[in-house]
Amino acid sequence: MCCYLDPCEAATTCGSCAECLVVNHGVQCSCPQSYIGNPLVACTKPPTRCNDSCTCDKSAGYCLISCSVNKECPCGQVCLKGFCSNTCSATNPCQTGQICLDGVCTSGCFKDSDCPNDQSCSENVCHNPCGIGHSPCGINAECRVSDHRAICLCPAGTRGDPTRSCKPFSCLKDEDCEGGKSCGSDNICRNPCLQGRPCGLNAQCKAENRRALCSCPPGFHGNPLVVCKPGTGDTCNRNPCGQNTRCKDVPGGYECSCAPGCSGDPYRGCVCQDRRVDDRCLNVKCGLNAICKPSGNSYQCLCPPEYPLGDPKNRC
């Protein structure tokens, strides 16, 4: 009669640190509780993520167990530089954030995939690609990590090249601005009277419909887009406005407006629907409130229906 042999006593039956159990004359290998791995190859105790109750390996993000000799470490670990470290091999790899050097897992990396998804590998060390000294982003830009890579973004309310600089802006169009302000080329809402110099010398400016409206102040007269000069009088008699316009004497000067049905700059000339100014009328000065109308190879100054009386060469 042959003697009984325990198959679990063979050194190669199960992997290192695995538990062996004989079931129906066969062998069943399993990893102990809190261990992971292939029990036919090796079982390892996974490191614990850093928390407030442990000494932390910040480069890998795992807790460290202090030791002075190997027997103070759990199965599958050795004491290295005062701390327990998992052993490793080609069939028993290390955890993310660690690399296998000389058969022992140590903090480090060979490639980005050796690091957590929010870190990248540089000089065998996992680091935050958005961290101080590593971020590729520009001034005021946000840095976010995706798949081990730094992504630069301009935050809300700013625009520009996020790898260089993000500058704040308050508008993209006039409707984004409050009150009578308009959206400038630099995407900042401003009073149109404060953008450049919309009015002439001595003129006053009023924001209306998000545009600068210029006029001469009391005691001055002239073209408010050019210069307002001291003095008063019936300035409209001098017909100072552009073609197809209306002139109104106001204290200290005059105001020009386009005739009904016309549009444009009343101080330079307005274009009217159904009676558009062509080359024959461009340099013509008809009387006050009169309009210029091309006629053959020449032109005619006419009093319009709203001002039917008078001399169109002087005043309607």
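Quantities reported herein were computed from a predicted structural model and do not represent experimental measurements. (Residues numbered from 1 in each chain as written. Predicted model: local features only at pLDDT ≥ 70, side-chain atom pairs only at ≥ 80, totals over all residues. Heavy atoms only, no water.)

J.: Describe in detail the pattern of salt bridges, supporting the description with residues and values.
T.: Counting across every chain of the model gives five salt bridges. For the salt bridge of D161 with R164, the shortest nitrogen-to-oxygen distance reads 3.9 Å. Residue class for R164 comes out exposed when judged on its relative accessible area of 65%. K206 is the partner of E208 in a salt bridge, and the nearest nitrogen-oxygen pair spans 3.8 Å. (Salt bridge = Lys/Arg side-chain N within 4 Å of Asp/Glu carboxyl O. Buried < 20%, exposed > 50% of the residue type's maximum accessible area, 1.4 Å probe, protein only.)

J.: Got a sec to walk through the nonpolar core? Specific residues and values, please.
T.: The tendency in soluble globular proteins is for nonpolar side chains to be buried as a group. Core analysis: the largest hydrophobic core is formed by seven residues, namely C236, C241, C247, Y254, C256, Y267 and L288. If sequence neighbours within four positions are ignored, Y267 has contacts with C214, N223, P224, L225, C241, G242, Y254, E255 and C256. One finds V284, C286, C292 and C301 within the second-largest nonpolar core, a separate group that totals six residues. (Core = buried A, V, L, I, M, F, W, Y, C linked by side-chain atoms within 4.5 Å. Contact = heavy atoms within 4.5 Å.)

J.: So what about unusual backbone geometry? Which residues, and what values?
T.: Trans is the common state for peptide bonds, and a negative phi is the common state for residues other than glycine. Phi angles above zero are rare outside glycine, and C17 is one such case at about 70°. Take C17: it is sitting in the segment before β1 (19-23). (Helix = DSSP H or I, 4+ residues; strand = E, 2+ residues; numbered from the N terminus.)

J.: Which residues make up the environment of P46, and what values go with them?
T.: If you trace the backbone, P46 turns up in the loop between β4 (42-44) and β5 (55-57). Separated by twelve residues in the primary sequence, P46 and S34 have C-alpha atoms spaced 7.7 Å apart. Residues within four places of P46 in sequence aside, it is in contact with S34, Y35 and I36.

J.: Would you mind going over the environment of D186 in detail, with residue names and values included?
T.: Assignment of secondary structure puts D186 in the loop between β17 (182-183) and β18 (189-190). Residue D186 is classed as partly exposed on the basis of its relative accessible area, which comes to 36%. Taking C-alpha positions, D186 is 9.5 Å from P168, a pair spaced 18 residues apart along the chain.

J.: Go over the layout of surface pockets with me, naming the residues and quoting the values.
T.: The volume enclosed by the largest pocket comes to roughly 450 Å³. Around the largest pocket sit 20 residues that line it, and C63, L64, C84, S85 and Q98 are the ones nearest its centre. Broken down by secondary-structure element, the contributors of at least two residues to the lining of the largest pocket are β6 (62-64), β7 (77-80), β8 (83-86) and β10 (104-107). No other element matches β8, which puts four residues into the lining of the largest pocket. Residues belonging to the lining of the largest pocket are distributed by class as follows: ten nonpolar, seven polar and three charged. Lining the second largest pocket we find 15 residues, and of these L213, C214, S215, C256 and Y267 sit closest to its centre. Of all elements in the fold, only β19 (204-208), β20 (211-215) and β24 (253-258) reach the threshold of two or more residues within the lining of the second largest pocket. (1 Å grid on protein atoms, 1.4 Å probe; cavity = no way out; pocket = protein on both sides within 12 Å on 5 of 7 lines; lining within 4 Å. Points joined across faces, edges and corners; volume = space filled by probe spheres on them. Nonpolar A, V, L, I, M, F, W, Y, C, P; charged D, E, K, R; others polar.)

J.: Outline the side chain of H127, listing residues and values.
T.: Here H127 shows up in strand β12 (residues 125-127). For H127, the contacting residues outside a window of four places in its chain are Q119, S120, C121, S122 and H134.

J.: With reference to specific residues and values, describe the state of the cysteines.
T.: Tallying each qualifying case throughout the model produces 23 disulfides. The disulfide that involves C177 links it to C189, with 2.1 Å between the sulfurs. Looking down the S-S bond of the C177 and C189 bridge, the torsion is -85°, so its handedness is left-handed. Placement of the pair is C177 in the loop between β16 (165-168) and β17 and C189 in strand β18, with a sequence separation of twelve residues. Residue classification places C177 among the buried residues on the basis of a relative accessible area of 5%. (Disulfide = S-S within 2.5 Å.)

J.: So, the side chain of H148: which residues are in play, and what are the values?
T.: With respect to the secondary-structure elements, H148 resides in the loop between β13 (142-146) and β14 (149-153). Given the relative accessible area of 11%, H148 is considered buried. Not counting the four nearest positions on each side in its chain, H148 is found in contact with D112, S113, C115, P116, N117, Q119, S120 and P129.

J.: If you had to explain the pairing of strand β9 (residues 98-101) to someone new, which residues and values would you point to?
T.: Along any regular strand the residues' side chains alternate between the sheet's two faces. As paired strands, β9 and β10 are joined by four bridges and run antiparallel to one another. Across the sheet, C100 pairs through a bridge with C105, a residue of β10. Connecting the antiparallel pair β9 and β10 is a turn made up of two residues, with D102 showing a positive phi of about 55°. (Pairing = 2+ DSSP bridges.)

J.: Tell me about the environment of K181, and please be specific about residues and values.
T.: Positionally, K181 belongs in the loop between β16 and β17. As for K181 and P192, which are separated by eleven residues in sequence, their C-alpha atoms are 6.1 Å apart. In contact with K181, not counting residues within four places along its chain, are D174, C189, R190, N191, P192 and R210.

J.: Give me the pairing of strand β2 (residues 26-30): which residues, what numbers.
T.: Two strands pair when backbone bridges link them, and β1 and β2 are joined in this way by five bridges, in the antiparallel orientation. Each residue of the ladder has a partner; that of E19, found in β2, is S30. The turn linking β1 back onto β2 is made up of two residues, and N24 within it adopts a positive phi angle of 50°.

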